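Each chain is listed here by its residues.
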Amino acid sequence: MSNKVPFSFIVVIGFMLFALFFGAGNLIFPAMLGQSAGSNIWSANAGFLVTGVGLPLLGVLAFGFSGKEDLQSLASRVHPAFGIIFTTILYLAIGPLFAMPRTGSVSFEIGVKPFLSENPGHLPLIIFTVIFFTITCFFSLNPAKIVDLVGKVLTPIKLTFIGILVVVAVVNPIGKFEAPSEAYTTHPFFKGFQEGYLTMDTLASFVFGIIIINAIKEKGAKTNRQIITICAKATAIAAVILALIYSALSYMGASSVSELGRLDNGGTVLAEVSNYYFGSYGGILLGLMITVACLTTSVGLVTSCSSFFHKLFPSVSYKLIAVILSAFSAVVANFGLTELIAISVPVLTAIYPLAIVLIALTFLHPLFKGRSEVYQVSLLFTFIVSLFDGLNAAGFKIAAVNDLFTSILPMYGVGLGWVVPAIVGGLIGLGITFLRTNDNTNRNTSRKLIK
């Protein structure tokens, strides 16, 4: 491969990254953030872009920088046991616990629910999710080119319609910004920062990174420098597109409150706004595109998760795992989109900081020569704080611990109390390695003197 990277190839990789991260589910969170943030939309949106765009793309770069082949080998820099546990938790989060059921829930909220009576009961959701995940399972068991073709055809159509929707919403807004909800009244940036966790894209970046790096290598990139250069330029393209679309969706959500009122979730916001501008036909088109897009995403998630768990448990067949994951996702999807998001918040609040710190340490790896103690103590201190953040998000607040952390940890009140412990933990880990090195040196010197 020549030193000069073809710009056309960089653009292709950039759009590939964008397509991987911009799943149908990602549409709902900026719209809901806009509804809740109201007049504080821009500061909240800025926080959302950090965790919804910046960190996921840094995760891809970190994976390329590491030179590792998969997430488990990267996480095993901490400890082999951590490598297995963290990778398993991550695949469960982006798989059957949250992301996979969410594809069914989003499809129902946007594609079916707007056309039902006001109180349709649980039966429509049950019927829809059974059909949705049966189709998902079928394609996962019988990989076919049609799924890929549908995705390739649907993505530009979906983006075109979403583009038209947000342009109309920006040029001709539904109404003026309302006052922010209570959660966004103070520190809207940090609230938006935590809302970005819900995309789960930083977690998924470790998986998507494998796809991107392999694609770059297939084009002939040999050195780490070549890979990082191409990856950095491609992520810049993806970042600009994602930031523009997320910001436009946030604006659309913020301007809709005065006319539509505060809605339960982003799926409902999209459906109602689409119906407001384009009537029932617009709602039908949006619903069909989102449903098929979610189906394609669901098949991809079942396939990747089944492959991982089959590798972890070789005695269990890939097909059986795919059936189990599809059935489990159908059950979880029946909690409903709003409830599913609420359940995911505590878990994501607890594990997201670990992913962020792992990304940071991956870039700093050469500086501390990859000493495992740095990884271990930094991540341990991070988890101690993020665990209680997760408990707080779940409603299990321990007053004594919260009071202590509030008094000694900067930014604990805005969900970033883990930052300083992560740094301190890394420095302590570095100190431990120096002590061990000096101790070993002294022992070797003593042995030589005795001899």
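For clarity, every value in this text was computed on a predicted model and none was experimentally measured.

> Which residues make up the overall build of the protein, and what values go with them?
Helices and strands together make up the secondary structure of the protein, namely 18 helices and zero strands. Computed over the C-alpha atoms, the radius of gyration of the protein is 23 Å, within 12% of the 22 Å expected from 2.2 N^0.38 for a compact globule of 451 residues. Counting all 451 residues of the protein, 50% fall into the buried class. Within the protein, contacts between residues at least 6 apart in sequence are counted, and of these 81% link residues at least 24 apart. If you sum the accessible surface of the protein, you get close to 20,400 Å²; carbon and sulfur atoms cover 68% of it. If the 26 positive side-chain charges of the protein are averaged to one point and the 18 negative ones to another, these points end up 19 Å apart.

> Let's hear about helix α5 (residues 80-97): which residues, and what values?
The end-to-end C-alpha distance of α5, which contains 18 residues, comes to 24 Å, matching closely the 26 Å that a straight helix rising 1.5 Å per residue would cover. Among the residues making up α5, those that are buried are F82, G83, F86, T87, T88, L90, Y91, A93, I94, G95 and P96.

> Break down the pattern of salt bridges for me, citing the residues and quoting the values.
Tallied over the full model, the rule gives four salt bridges. A salt bridge links D70 to K311; the shortest N-O distance between them is 3.5 Å. Here D70, found in the loop between α3 (41-66) and α4 (71-75), pairs with K311, found in helix α13 (residues 266-312); they are 241 residues apart in sequence, far enough to count as distant. For K311, a relative accessible area of 59% translates into the label exposed. The closest approach of N and O atoms between E195 and K191, which form a salt bridge, is 3.4 Å. With E195 and K191 both in helix α9 (residues 188-195), this residue pair falls four residues apart, about one helical turn. A relative accessible area of 26% means that K191 is categorised as partly exposed.

> Which residues make up a nonpolar patch on the surface, and what values go with them?
Residues L123, I126, I127, V130, I131 and I135 make up a contiguous nonpolar surface patch of roughly 510 Å² in combined accessible area. With respect to the element layout, I131 can be found in helix α7 (residues 123-141). What makes I131 partly exposed here is its relative accessible area of 48%.

> Before we move on, could you go through unusual backbone geometry and cite the residues and values that matter?
You will see that H187, though not glycine, has its phi angle at about 55 degrees, which is positive. Here H187 shows up in the loop between α8 (145-171) and α9. One non-glycine residue, M200, adopts positive backbone phi at about 60 degrees. By the element assignment, M200 lies in the loop between α9 and α10 (201-218).

Calculation rules
Residues numbered from 1 in each chain as written. Predicted model: local features only at pLDDT ≥ 70, side-chain atom pairs only at ≥ 80, totals over all residues. Heavy atoms only, no water. Helix = DSSP H or I, 4+ residues; strand = E, 2+ residues; numbered from the N terminus. Rg over C-alpha atoms; globule rule 2.2 N^0.38 Å. Buried < 20%, exposed > 50% of the residue type's maximum accessible area, 1.4 Å probe, protein only. Contact = heavy atoms within 4.5 Å. Areas by Shrake-Rupley, 256 points an atom, 1.4 Å probe, with all protein chains shown as cover. Lys, Arg positive; Asp, Glu negative; His and termini not counted. Charge placed at Lys NZ, Arg CZ, Asp CG, Glu CD. Expected span 1.5 Å × (residues − 1). Salt bridge = Lys/Arg side-chain N within 4 Å of Asp/Glu carboxyl O. Patch = residues over 30% accessible without salt bridge, like charges linked within 9 Å, V, L, I, M, F, W, Y side chains within 5 Å.

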